[in-house]
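Tertiary structure, described
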Amino acid sequence: MSKRKVDDNSSSSPLKKKTSHSSTAENQNEILPEVSINDTEAALNFIKQTLADKKRKDSFPAVIFVHQLYDVVNNKTIVNRQLETLRNEKKIVLIHMGSDENMKVAVFLKDLKDHVLQYRNVGEALLYNKFFDRVLTNTTDYGISRNDLLIKFKFSEKDVRAMVNAGLLILRETGIFWFSFPSAGIFMRKIIKGRQALMNLIRKRKFREILQIELEKIPMRKQLELPIRYHIHDLVGGNFVKCFQTSSGRLLQSIR
C-alpha cells in the first residue's frame with residue numbers, strides 16, 4: 001500500500017499529528033495513520049501502549065509485529081534500518097513467528113527479561129539471565145544452532161531443554177532453534193482470531209468498508225482478546241485493508 005513518505009527532519013518530536021485533508025472515499029485517496037512517527041523506537045512504544053490494559057493479564061510480553069510499524073512510520077526502509085540499529089544496540093529482539101519467515105515481531109529486551117524472570121527461582125533466573133546476556137545480546141540472527149548453544153555458549157542439554165520449555169527457543173529444524181517468547185502460540189491464536197473477526201465484520205458491511213471511529217465503537221469483547229487499536233495496526237500495516245481519508249475520518253476497506 002503506497003503511503004506518503006515521512007520526512008526525517010520534519011520535526012524534533014517523535015510524535016507528529018497528521019494534517020487533515022478533506023476528501024471523499026470515492027476519490028480513493030490513501031492517507032497517513034492517525035499519528036505519524038518518524039522514529040521507529042517511538043513507534044514501538046506507541047503500539048506497545050495499545051496493549052497497556054491493567055485489567056488484562058497476558059501470558060506473553062508486549063509484542064509488536066514489524067508490519068504494524070508500517071501503519072505508523074510511513075517508510076519501510078526507515079523501519080527496517082532502525083530496527084536493525086535497535087537490535088545492534090541490544091534494545092530489542094527480532095523474532096520469526098510460525099513457519100512464515102516474513103512474519104516478524106519485535107520485543108523490547110527489557111520487557112522480555114522482566115516477563116520471563118518475574119516468577120523464576122534463583123537457579124532458573126541465573127540460567128535465563130545467562131541466555132539473555134550472552135546469547136540474545138550477542139546474536140544478530142533470528143535463531144541459533146544447538147552446537148553453538150552447547151559449545152560456544154557452554155549450555156548443557158538440560159539447559160537447552162529448560163529454555164525450550166520456557167518458550168525462549170523453538171525447534172525450527174534438526175539442530176536449529178529460532179528465538180521465541182513465552183506463550184507465543186497463545187499470542188498467535190489471539191491475533192488470528194481477532195484479525196478474522198474484524199475482517200468478517202468489514203466484509204459484511206456495505207461496499208466492504210467501515211469508518212475506523214465506527215469500528216472502534218462496536219462491542220467485540222468476545223471476539224477480540226487484544227485491544228482493537230492493536231488489531232487495526234495489524235490490519236492496515238499487514239495490507240489486509242486499505243485506508244482512505246474521508247471528512248469523517250479514516251475509512252478501512254477490505255482488500256482480501
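Residues numbered from 1 in each chain as written. Predicted model: local features only at pLDDT ≥ 70, side-chain atom pairs only at ≥ 80, totals over all residues. Heavy atoms only, no water.

Going by this rule: UniProt positions are given in the numbering used here, feature names are shortened, and annotations may be inferred rather than shown by experiment.
Looking at an unreviewed UniProt entry, one finds the protein chain named Serine/threonine-protein kinase 19 and attributed to Parthenolecanium corni. In its Sequence similarities (unreviewed entry) section, the UniProt entry covering the protein chain states "Belongs to the STK19 family."

Let's talk about the sheet that holds strand S8 (residues 176–179)
Test applied: Any two strands with at least two DSSP bridges between them are considered paired. Helix numbering and strand numbering both begin at the N terminus, where a helix is a DSSP run of H or I of at least 4 residues and a strand a DSSP run of E of at least 2. To define axes, lines are fitted to C-alpha atoms, for helices over the stretch in contact only, and angles between the resulting N-to-C directions are given on a 0 to 180 degree scale.
As summarised here, the arrangement of the three strands in space is S6-S8-S7, forming an open sheet in which the pairing is antiparallel. Two strands close off the open sheet at either side, each with one partner strand: strand S6 (143–145) and strand S7 (169–173). Pairwise comparison of adjacent strand axes, ignoring direction, gives a mean angle of 35 degrees for this sheet. Examined bridge by bridge, S6 and S8 share three bridges and lie antiparallel to one another. By the bridge assignment, Ile144 is partnered in S8 with Phe177.

Remarks on the pairing of strand S10 (residues 241–246)
Keep this limit in mind: Buried residues are those whose accessible area, probed at 1.4 Å on protein chains only, stays under 20% of the maximum for their type, while exposed residues exceed 50% and partly exposed ones sit between those limits.
Buried residues dominate S10, accounting for five of its six residues. Sheet analysis places S10 next to strand S11 (residues 249–254), joined by six bridges and oriented antiparallel. Residue pairing across strands places Cys243 opposite Leu252, the latter belonging to S11. Count of turn residues in the S10/S11 antiparallel hairpin: two residues.

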